[in-house]
Structure formats: structure tokens, C-alpha cells
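Coordinates in review
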Amino acid sequence: MAMKVHGSLLSSPVKRVLVALYEKELEFEFVPVDMRAGEHKKEHFLALNPFGQVPAFEDGDLTLFESRAITQYIAHVYKDKGAPLVCEGKPMATVSVWMEVEAHQFDPVASKLQWELVLIEPFGEDDSYLPFLLRLFEGGEDDEDEDVLAPT
């Protein structure tokens, strides 16, 4: 059974897992979760992640949630594939410190700024920008996006 990542491409934690998979050159299936429809709070998704948050990850009979735990699993279990993401001894201690800094000092602030400056401020409180963002994350803009990007 192929690995599966359940989530939304607008989610930073989902992107964190996808980067690890791409770095390790692993095949996986992306399973979109419709957050706006509340799919992440429905019983079938809660069976994967009891907190009702993305991502959820499956590798055979193993199910994980929490993006940093997933990336650590990928890095260690698939250490012989793709880019080396694991080191040992003192270097790993230093890496661990900076992983904690990213998780507790950088990410909360960066996520808030991303929401406010990238998603809300340029496009306003309405949701008309969501199709544009989805197209952008799935492979770029097109002529249709010029109206969305035009200053109001």
C-alpha cells in the first residue's frame, strides 16, 4: 500500500510533510481534505487524526498525525532514500535545538503573518480568492487570475 497524505495544500503542516516526501524521493498519494466543508471534523477523518487537523499520514498499517512527527518518521525510516535528512551525535543535538526553535518560536508567528498578510489583507475577508490560491498551489497562475491580483 502506498503512503497517503491527507490534507489541504493551503496548510503549512501539510506542506512540511510533502517537502520531506519529495526530499526523500518517495511515492505517495495526496488525498485532498475539504476543510471548508468540515471534512476534517467528520468521523472518517477523525479516525486518522483524533484532533481533526491536517495532515494525517498513512504508511501501510501505520497512521500518524502531527507534521513534525511525520517528517521525523519519514527521515528515519527512509534514511537510505533521497536526500540525507538524519545526522547522529552532536550535530543531531544542534539540529534538534533548531527544530524546537522553529516549532515554538518561528512557526506560530510566521503562520499568523501568512494568514494576515498573504491570505486576508490582499484579498479581503471574502472567500473569492480561494480558487486563485488553489490554482497557485497546484501549479501557477493563468490569465483568469489577473482580475484577482488587480488592486481594488
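Residues numbered from 1 in each chain as written. Predicted model: local features only at pLDDT ≥ 70, side-chain atom pairs only at ≥ 80, totals over all residues. Heavy atoms only, no water.

1. Some words on the nonpolar core
The cut-off we apply is this: Remark: nonpolar core denotes a set of buried residues (Ala, Val, Leu, Ile, Met, Phe, Trp, Tyr, Cys) joined through side-chain atoms within 4.5 Å. Exposure categories follow from relative accessible area, calculated using a 1.4 Å probe and restricted to protein chains: below 20% of the type maximum is buried, above 50% is exposed, and the middle band is partly exposed. Counting from the N terminus, the helices are the DSSP runs of H or I reaching at least four residues and the strands are the DSSP runs of E reaching at least two. Here a residue-residue contact requires only that any non-hydrogen atoms of the pair lie within 4.5 Å.
Counting 20 residues, the largest nonpolar core has Val5, Val17, Leu21, Phe57 and Ile74 as the members making the most contacts within it. Elements with a minimum of two residues in this core: β1 (3-7), α1 (12-23), β3 (56-59) and α3 (67-77). If you tally residues by element for this core, the top one is α1, at five residues. Residues within four places of Val5 in sequence aside, it is in contact with Val14, Val17, Leu18, Leu21, Phe28, Glu29, Phe30, Val31, Pro55, Ala56 and Phe57.

2. Points about the environment of Pro55
Residue placement: Pro55 occurs in the loop between α2 (43-46) and β3. By relative accessible area, Pro55 is classed as buried at 2%.

3. Overview of the layout of surface pockets
Quick reminder of the rule: Of the two site types, the cavity is a set of points on a 1 Å grid over the protein atoms alone where a 1.4 Å probe fits but cannot get out, and the pocket is an open set with protein on both sides within 12 Å along at least five of seven lines, each lined by residues with an atom within 4 Å of a point. Grid points are joined across faces, edges and corners, and a volume is the space filled by probe spheres set on the points. Under the grouping applied here, Gly and all other residues not named as nonpolar or charged are polar, the nonpolar ones being Ala, Val, Leu, Ile, Met, Phe, Trp, Tyr, Cys and Pro and the charged ones Asp, Glu, Lys and Arg.
One number sums up the size of the second largest pocket: a volume of about 310 Å³. What lines the second largest pocket is Arg16, Ala20, Arg68, Thr71, Gln72, Ala75, His76, Leu85, Met92, Val95, Met99 and Glu102. Counting only elements with at least two residues in the lining of the second largest pocket, the list comes to α1, α3 and α4 (89-120). For the lining of the second largest pocket, the element with the most residues is α3, which contributes five residues. When grouped by side-chain class, the residues that make up the lining of the second largest pocket number six nonpolar, three polar and three charged.

4. As for unusual backbone geometry
With an omega dihedral of 5°, the bond running from Val54 to Pro55 counts as a cis peptide bond. Even without glycine at this site, Glu25 takes up a positive phi of about 55°. The residue Glu25 is located in the loop between α1 and β2 (28-32) in this model. Glu25 sits in the exposed class, given a relative accessible area of 65%. Phi at Glu66 is positive, roughly 75°, even though this residue is not glycine. Along the chain, Glu66 falls in the loop between β4 (62-65) and α3. Glu66 sits in the partly exposed class, given a relative accessible area of 41%.

5. Some thoughts on the sheet that holds β4
The condition that has to hold: Paired strands are those between which DSSP finds at least two bridges. In this description, a line fitted to the C-alpha atoms serves as the axis of each element, helices being fitted only across the stretch in contact, and the angle between N-to-C directions of two axes falls anywhere from 0 to 180 degrees.
The four strands are arranged β2-β1-β3-β4 in an open sheet whose pairing can be described as mixed. Each end of this open sheet is capped by a strand with a single partner; those strands are β2 and β4. Averaged over all pairs of adjacent strands, the angle between strand axes in this sheet comes to 20°, irrespective of strand direction. Here β1 pairs with β3 via three bridges, running antiparallel. The partner of Lys4 across the bridge, within β3, is Glu58. The strands touched by α1 within the sheet are β1, β2 and β3, with β1 carrying the most contacts at an inclination of about 155°.

6. Focus: a nonpolar patch on the surface
Stated formally: Candidate patch residues must exceed 30% relative accessible area and have no salt bridge, after which like charges are joined if within 9 Å and Val, Leu, Ile, Met, Phe, Trp or Tyr side chains if within 5 Å. Per-residue accessibility takes into account occlusion by the displayed protein chains alone, with areas from the Shrake-Rupley method and a 1.4 Å probe. One speaks of a salt bridge when a side-chain nitrogen belonging to Lys or Arg is within 4 Å of a carboxyl oxygen belonging to Asp or Glu.
Where nonpolar side chains cluster on the molecular surface, the patch consists of Val109, Leu113, Leu117 and Val118 and spans about 340 Å² of accessible area. Counting through the fold element by element, Leu117 comes out in helix α4.

7. Let's talk about α1
How we decide: In this scheme, a helix's expected span is set at 1.5 Å multiplied by one less than its residue total.
Here α1 spans 16 Å end to end across twelve residues, near enough to the 16 Å set by a 1.5 Å rise per residue. A positive phi of about 55° marks Glu25, the residue just after α1.

8. What to know about the side chain of His6
Note the cut-off: Side-chain atoms alone can form a polar contact between residues adjacent in sequence; in general such a contact is a pair of N or O atoms within 3.5 Å, and within protein one must be able to donate a hydrogen while the other accepts it.
Among the structural elements, His6 can be located in strand β1. Taking relative accessible area as the criterion, His6 reaches 9% and is therefore assigned buried. Polar side-chain contacts of His6 include one of 2.7 Å to the side chain of Glu58. For His6, the residues in contact, after removing those within four places along its chain, are Val14, Val31, Val33, Phe45, Leu48, Val54, Pro55, Ala56 and Glu58.

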